[in-house]
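# Fold and geometry: a report
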Amino acid sequence: MMPYWTCTSRRALRQNGVLFVKCQDEVSANTQRLTHVEIINHYAGLGFYAKDLFVVLRPNTPCITRLKKQVHARKNHWGVATLGRRLTTCGMSR
C-alpha cells in the first residue's frame, strides 16, 4: 500500500511535470521486495510513466545485525525513480 501523498502528487504536479521518488529495494522476512518496481507500477495506474531510473552505489558497506546465514545479496545501492505525468484530456491518458 502506497502512502497518502501518491494521490496528492498527481493533483499537485502540473502537466508534463517530473516527480522524483527516492527508494531502496529491501529484504523483509526473507522475502525480496523490489520497491522501485512497486512504485513505478503504482504510479502507472495514476497516469504517470517511468521516465528514468538513477542507481547510486553506497560508498560504504551496509551493516547487517543478527545475521546467521546470508540468503540474499546485500543492498548496497539506492535509486531515484523519475516519473513523468502524462498529458490528459477529460480524465483519459493519451
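All values reported here derive from a predicted model rather than from experimental measurement.

## Quick look at a nonpolar patch on the surface
A surface patch of nonpolar side chains, amounting to about 280 Å² of accessible area, comprises V18, F20 and F54. By secondary structure assignment, the location of F20 is in strand β1 (residues 18-23). Of the residues examined, F20 reaches a relative accessible area of 53% and is grouped as exposed.

## Some remarks on the sheet that holds β1
Pairing within the open sheet is antiparallel, and its 3 strands lie in the order β1-β5-β4. If you trace the sheet from one side to the other, it starts and ends with β1 and β4 (48-57), each paired once. Neighbour to neighbour, the strand axes of the sheet diverge by 20° on average, direction disregarded. For β1 and strand β5 (residues 77-85), the ladder comprises 6 bridges, and the chain directions are antiparallel. Of the residues in β5, the one forming a bridge with V21 is A81. In the packing of helix α2 (residues 35-45) onto the sheet, the strands contacted are β1, β4 and β5, and the crossing angle to β1 comes to about 150°.

## Details of the pattern of salt bridges
Per the stated rule, a full pass over the model turns up 2 salt bridges. Residue E26 pairs with R33 through a salt bridge whose shortest N-O separation is 4.0 Å. Among the salt bridges present, the one from E38 reaches R33, with a minimum N-O distance of 2.8 Å. Residue classification places R33 among the partly exposed residues on the basis of a relative accessible area of 34%. Each member of the salt-bridge network shares a partner with another, and the members are E26, R33 and E38.

## Some thoughts on the packing of aromatic side chains
Tallying each qualifying case throughout the model produces 1 aromatic pair. Centroid distance Y43 to F48: 5.2 Å. Interplanar angle 85°. Geometry classified as edge-to-face. The class of Y43 is buried, set by a relative accessible area of 1%. For the cation-ring pair, K22 lies above W78, with the distance from its terminal atom to the ring centre recorded as 4.4 Å.

Thresholds applied
- Residues numbered from 1 in each chain as written.
- Predicted model: local features only at pLDDT ≥ 70, side-chain atom pairs only at ≥ 80, totals over all residues.
- Heavy atoms only, no water.
- Patch = residues over 30% accessible without salt bridge, like charges linked within 9 Å, V, L, I, M, F, W, Y side chains within 5 Å.
- Areas by Shrake-Rupley, 256 points an atom, 1.4 Å probe, with all protein chains shown as cover.
- Salt bridge = Lys/Arg side-chain N within 4 Å of Asp/Glu carboxyl O.
- Helix = DSSP H or I, 4+ residues; strand = E, 2+ residues; numbered from the N terminus.
- Buried < 20%, exposed > 50% of the residue type's maximum accessible area, 1.4 Å probe, protein only.
- Pairing = 2+ DSSP bridges.
- Axes fitted to C-alpha atoms, helices over the stretch in contact; angles between N-to-C directions.
- Contact = heavy atoms within 4.5 Å.
- Phe/Tyr/Trp six-rings, centres within 6.5 Å; stacked < 30°, edge-to-face > 60°.
- Lys NZ or Arg CZ within 6 Å of the ring centre and 35° of its normal.

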